[in-house]
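Listed here are the chains, written in short residue letters.
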Amino acid sequence: MKRLLALSLFLALTNRCAAQEIPAPPKPDSVFPEWQAVTDNPSAQKLFAPMVGSRQVERMPDGTVLLPVNFKGTAHERVSWDLRVKTDLRLARGVQFDFYCRDLTPFASFSLYFHSGDGWYHATFSPEKTGVWERIVIDKADATGESACAGWGSVDTLRLSGWRCLNTDTVCAIANLGPTGGKPDVLVIRADSNMKNKESNEGFAHYAGTVSYTLDALGISSAQAADTDLTPELLSTVNLVVLPYNPKVPPGMTELLRGFVGRGGKLLVCYSLPSGVDELMGLRVAGGGEAEGGAFTGFARTAQGLATQPAFAPQASWRATDTVPAKGTQSRVIAVWRGAKSQDTARPAVTLTASGAFMGHVWFGGKDSASLALMRAIVGELLPDMWRKATGKAFARIGVIGDAADFEAFRIAFRDGKPPRKARREFARAEKARDEAQELMKAGQWIQSIGVSAQATEAALRAWFLTQPSRAKEHRAFWCHSAFGLRSKNWDESIRFLKDNGFNAILPNMLWGGTTYYPSKILPEYAQLSEKGDQIAQCLAACKKYGVQCHVWKVNWNTGGHAPKAFIDRMAAEGRVQKLYSGETKKAWLCPSHPANQDLEVAAMLEIARNYEVDGVHFDYIRYPDSNSCFCDGCRARFEAVLGHAVEKWPVDTRKNEAVRAKWLDFRRSNIDAVVRRVSEEARKIRPGIQISAAVFRNWTTDRDGVGQDWKMWCEKGWMDFVCPMDYIDSNAIFRNVVTAQKELAGKARLYPGIGLSCWKNPDDAVKLSQQIDIVRKLDVPGYTVFNYDTHAEAVLPYLSLGVTSK
C-alpha cells in the first residue's frame, strides 16, 4: 500500500511539474455540456476513461486537462482515453478543441474516434507545433466509418488517441472541447448504409468530402450527415441536399426526399441514381460505362448551358452514368463530357430538372477556377437566394496557396536575400493579380474574381518555387497505381513527363494477387492483353529511353477486385483465401500461411526478374490486412503444428492467452518473412544487381504485431535494398518524427520515405510536397517516393521542376 501511495504521489507531482510549463488555454467557444461539467479532478477522471496502459488525466485550475504520455518502459501502442460525450452532430461541421504538446517527437499520429451504434467513425489530426496551444478542428468530412455505425446523431463516446513512434515520455493537454459549425445551408449525405469494407467506406467518405471542400471554397456552409440520419426535421433546416455517391438509399429515405423536394428543396445527385431517386429527379438511366479512350477530359458547356457556367471545366472521369428524361418530364443538359481527343461527346455530364441537378460521375473537387465556377453556377441556378447569402463569405481565402502556405508566407520568402529575377517578376504579377481580384470581389464580380485569383495563385506559386533549392544525385520516385501510366498519356509520354520534371524512378503496379498486366504463366492475365499489350514491356522501353529506373510493383496477397471470378472461386474452393476472426470469409485476400500461396507469390515476382531487365521488384501489401485475419482452418492446423499442441479455444486464445498470442504473432510474421526472403535470395541469383524493395507501414513498433510486417528485420538481414515507409501524413511535424525514427530502423538498407501527395486533404498541394522533400533532405535521407503518379502529380510536378527537382 505504501509503495502504491508513493507511486501515486510521484505521478501527481510529475503531472503538476509538467502543468507548470503549460500556458493558460485560449478562451472557449461553444463546448459540450460534459466538458462544462469538468470542474475538478474527479469530474475530469469521470469524463476521461483511460484505455489499458494509459494513465489517469488531471484537471488543472485553469480548466486544462492534462494528458500524461507514458511510452518509456511500456508496451502499449498508444495513449488513449474514452470521453463519455453523448451528442447529436448531424448539423455540426465537426468538433474542435485546443491541444498542447510539450514534445511531438514520441508520436507517429493522432486520432479522434466517434462511437456510434456498434461502430466507430475515425479521423486523424496533426498538431504542427510544440509548446503552444493549437486549435484542432475535426471535420466530419475527413472521417471514415465502419459498417456498424449508426450515424452522426447517435454519437455517445469520443476516443482520443496518440500513437507511439518513440519510447519516450511527454505531456499533452486539452481544453475547450465542443462542436463546430451549425446551421448549414447544405447537407451532404454520405452513403453509410452502403458501407461494407474499408475500401468502399473510404470511397464514400472521399467523394462526400470533395463536395464539402468545394462548397467551402465557395463560401457555402455545409455539414455531412449519414443517410441513416435523415428525418423531416433535419431536412427542414436546409434547402439543398447532395447525394455525392449513393448507390442505394435506405428504406424510407426516398419518401423523406420527396417531402423535401415537395416544399421547394433541391437535390444535387452524382453518378448513382438509386431506385426511387430516379423518379424523384425525373430521369431514368439510359446506359453509361467507361469513357472511350480511357478517360474524359471534363465538362463542356452546351448551347443550353448557364450564363455563369464556364465553357469548359477539367475533370478526368473514366466512366459516367447516362440519363434521359423520364416519361412526361423535361430536362436540360447544360454540359456534356469532352473526350480524350478534345472532342465533345453526346454523353450528358450535367443535367438540370425541376428537382435539381444530376452529374454523370462523382465530383473530383477540382480547385481550379473553372471547376469552382462550374459548381458555383450549378448551385446558383438551383438556389439563387442561398447563393446571394453566401457571396458575402465567398472567396475569403483568395490568394491562399494550398494548405501549407498563404500569400503572406510567400511574401516573407522575398523579404530576405536576393531571389532570382524571374522569381521577382512572377511575384510582382501575383501581387497585381491579387489586388485586382480583391477589387472585383468588392464590386460583386464573383466569377471574374475567381479567374483573376487563380492567376495570382499561379504566379505566386511559380515565384516561390523559383527560390527553392534542388539537390543532385538523390532518388526521386513515384508509385504509379495504374498499369497504363497517366490517364491522358501512354507509357512513353508518361515517363518523358516524369523525367522532364526531374524524377528518375517509377514503381508501376503491374501485378496483383490474381492478375498481371503482361503475359504470364503464373497468374491470370488481364482481359485486354491482346488489345493493349504487355504493359511492363511498354513501361520498361520508355524508362530505358529516358533514363528512368523501373521497379515493378506487386500487390501481394490482395486480389483487389482485379482477378477473374474463376480464379477467386478456385482459391476459395481450395481453402486458400482468408477468414476473419469473426468467421467471415475474405475472398479477395489469399492466406499467407498456405504453402501454395507463398509459392505463387514468389513465382510471380521471380517471373518478372527472369523475363524483364527491370531495375527492381517491389513488394506491397506484404503483410496481413490487420489483426483480424487470417483464422482459416489451414492457419489453425499449421499453427498448431508449429505449437506442438492443439489450441484449446480457437481463435480466442490467440488474443487472450499470452503464451499462445506470442507464438501466434511469430507465426504470422514468419509467413510473410518467408516470401520476402525467398524472393530476395532467388531474384538476385536470376538477375544479379536487381534491387529488392518494399512499401511498408510506417510504424514498425506496432505494425510488426498488427499486420505481421517486420521490415526492420528484413533490412537487418539484407533482404531489402531499400524500403519506402508509407508516411502519408499531412503534418510536416509528424512526418519529420516518423522519418527520423525510420532512419535507424532501416539500418544498412536505403530509406526512401513515402510522401502521400494523393492522400492529403489537398492532393494538389505542391508547397507541402516541397516542404516534405526538404525535411527528407535535412534529415540526410538519400531520396523519397511519392504516391501517386496521377492527375495530382501532373498538377504539381511542373512547379517542383522550377527549383526543387531542377537538377
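See the structure above.
Described in the following lines is the structure provided in the data block. (Residues numbered from 1 in each chain as written. Predicted model: local features only at pLDDT ≥ 70, side-chain atom pairs only at ≥ 80, totals over all residues. Heavy atoms only, no water.)

### Some points on the overall build of the protein chain
Of the regular secondary structure elements, the protein chain holds 25 helices and 33 strands. In summary, the protein chain has a C-alpha radius of gyration of 27 Å against a globular reference of 28 Å for 807 residues, a match within 12%. Expressed as a percentage of its 807 residues, the buried residues of the protein chain come to 57%. Contacts spanning at least 24 positions in sequence make up 77% of the contacts within the protein chain whose residues lie at least 6 apart. Accessible surface, the protein chain as shown: approximately 33100 Å² in total, 51% of it carbon and sulfur. Of the charged side chains in the protein chain, 100 are positive and 87 negative; the average position of the first set lies 2 Å away from that of the second. (Helix = DSSP H or I, 4+ residues; strand = E, 2+ residues; numbered from the N terminus. Rg over C-alpha atoms; globule rule 2.2 N^0.38 Å. Buried < 20%, exposed > 50% of the residue type's maximum accessible area, 1.4 Å probe, protein only. Contact = heavy atoms within 4.5 Å. Areas by Shrake-Rupley, 256 points an atom, 1.4 Å probe, with all protein chains shown as cover. Lys, Arg positive; Asp, Glu negative; His and termini not counted. Charge placed at Lys NZ, Arg CZ, Asp CG, Glu CD.)

### Brief notes about the sheet that holds strand β17 (residues 298-301)
Read from one edge to the other, the open sheet built from nine strands follows the order β13-β12-β14-β15-β22-β21-β20-β17-β18, with strand pairing classed as mixed. What marks the edges here is a single partner per strand, and that holds for β13 (222-226) and β18 (312-314). For this sheet, the mean inter-axis angle between neighbouring strands, taken without regard to orientation, is 25°. As paired strands, strand β20 (residues 332-338) and strand β21 (residues 344-353) are joined by five bridges and run antiparallel to one another. Bridge pairing in β21 links R332 to L352. Its contacts with the sheet place helix α4 (residues 198-217) against β12 (186-190), β13 and β14 (240-243), and it is angled at close to 165° to β12. Across the face of the sheet, helix α6 (residues 253-262) comes into contact with β12, β14 and β15 (266-270) while running at roughly 145° to β14. (Pairing = 2+ DSSP bridges. Axes fitted to C-alpha atoms, helices over the stretch in contact; angles between N-to-C directions.)

### A word on the pattern of salt bridges
In this structure the tally under the stated criterion is 35 salt bridges. The closest approach of N and O atoms between K587 and D569, which form a salt bridge, is 3.5 Å. Separated by 18 residues along the polypeptide, K587 in strand β27 (residues 585-590) and D569 in helix α16 (residues 565-573) bring together distant segments of the chain. Residue classification places D569 among the partly exposed positions, given a relative accessible area of 30%. Taken together, the shared-partner salt bridges in this structure form one network comprising R471, E474, R476 and R777. (Salt bridge = Lys/Arg side-chain N within 4 Å of Asp/Glu carboxyl O.)

### Things to note about the environment of W133
Note that W133 resides in strand β8 (residues 133-139). Its relative accessible area of 14% is what places W133 among the buried residues. Here the alpha-carbon distance between W133 and I22, two residues 111 residues apart in the chain, equals 8.8 Å. Not counting residues within four places of it along the chain, the set of residues in contact with W133 comprises I22, P23, A24, P25, P26, T64, D98, F99, Y100, A173, I174 and A175. Looking at W133, its side chain comes within polar contact range of the main-chain oxygen of P23, at 2.8 Å. Engagement of the side chain of W133 in a polar contact is seen with the backbone oxygen of A24, the distance being 3.4 Å. (Polar contact = N/O pair within 3.5 Å; in protein donor to acceptor, adjacent residues only side chain to side chain.)

### Thoughts on the packing of aromatic side chains
This structure, assessed with the given rule, holds 40 aromatic pairs. Summarising the aromatic geometry, the rings of F465 and Y799 are spaced 5.8 Å apart at their centres and angled 25° between planes, so their arrangement reads as stacked. One end of the pair, F465, is in helix α12 (residues 446-465); the other, Y799, is in helix α25 (residues 791-800), and 334 residues separate them in sequence. Of the two residues, F465 and Y799, both sit in the buried class. Site record: aromatic cluster; members linked through ring pairs are F71, F97, F99, F107, F110 and F125. Between K489 and the ring centre of F497, over which it is positioned, the NZ or CZ distance is 5.1 Å. Positioned over the ring face of Y624 is R668, at 4.3 Å from the centre of the ring. (Phe/Tyr/Trp six-rings, centres within 6.5 Å; stacked < 30°, edge-to-face > 60°. Lys NZ or Arg CZ within 6 Å of the ring centre and 35° of its normal.)

### Re unusual backbone geometry
Here the residue pair S629 and C630 is connected by a cis peptide bond, since its omega of 0° sits within 30 degrees of zero. Considering the arrangement of structural elements, one finds C630 in the loop between β28 (616-620) and α18 (633-643). Of note, the bond from F787 into N788 is cis; its omega dihedral lies within 30 degrees of zero at 10°. Structurally, N788 can be placed in the loop between β33 (783-787) and α25. The backbone phi angle of S342 is positive, close to 65°, even though this residue is not glycine. On the secondary structure map, S342 appears in the loop between β20 and β21. We classify S342 as exposed; its relative accessible area is 57%. Phi is positive for Y621, close to 55°, though the residue is something other than glycine.

### Considerations on the sheet that holds strand β4 (residues 78-83)
Backbone-to-backbone hydrogen bonds pair the strands of a sheet. The strands run either parallel or antiparallel. The sheet built from six strands is open, its strands ordered β1-β4-β10-β6-β7-β9 with antiparallel pairing. Every other strand in the sheet has two partners, leaving β1 (48-50) and β9 (144-145) as the edge strands with one partner each. Of the strand pairs in this sheet, strand β7 (residues 119-125) and β9 are connected by two bridges, and their pairing is antiparallel. Within the sheet, the bridge partner assigned to Y121 lies in β9 and is G145.

### Comments concerning the side chain of T654
Residue placement: T654 occurs in helix α19 (residues 653-656). In terms of polar contacts, T654 uses its side chain to reach the backbone carbonyl oxygen of P651, at 2.5 Å. Setting aside chain neighbours within four positions, we find T654 in contact with Y581, F631, V660, R661 and W664.

### Quick look at α6
Those residues of α6 lying buried are M253, T254, L257, F260 and V261. Down the axis of α6, the sector holding all buried residues measures 115°, keeping them to one side. Exposed and oriented more than 90 degrees from the buried face of α6 are E255 and G262. Phi turns positive, to about 110°, at G264, one or two residues after α6. (Arc of directions from axis to C-beta.)

### Let's talk about the packing of helix α24 (residues 766-778) against α25
Following both chains from N to C, one finds α24 and α25 inclined at 60°, their axes separated by 9 Å at the closest point. Put simply, α24 runs oblique to α25. At the point where α24 passes α25, the crossing takes the right-handed sense. Of the residues in α25, those in contact with A766, L769 and I773 of α24 are V796, Y799 and L800. Residues that form the contact of α24 with α25 fall into these classes: six nonpolar, no polar and no charged. (Parallel < 35°, antiparallel > 145°, perpendicular 65-115°, else oblique. Left-handed = near helix turned anticlockwise from the far one by under 90°. Nonpolar A, V, L, I, M, F, W, Y, C, P; charged D, E, K, R; others polar.)

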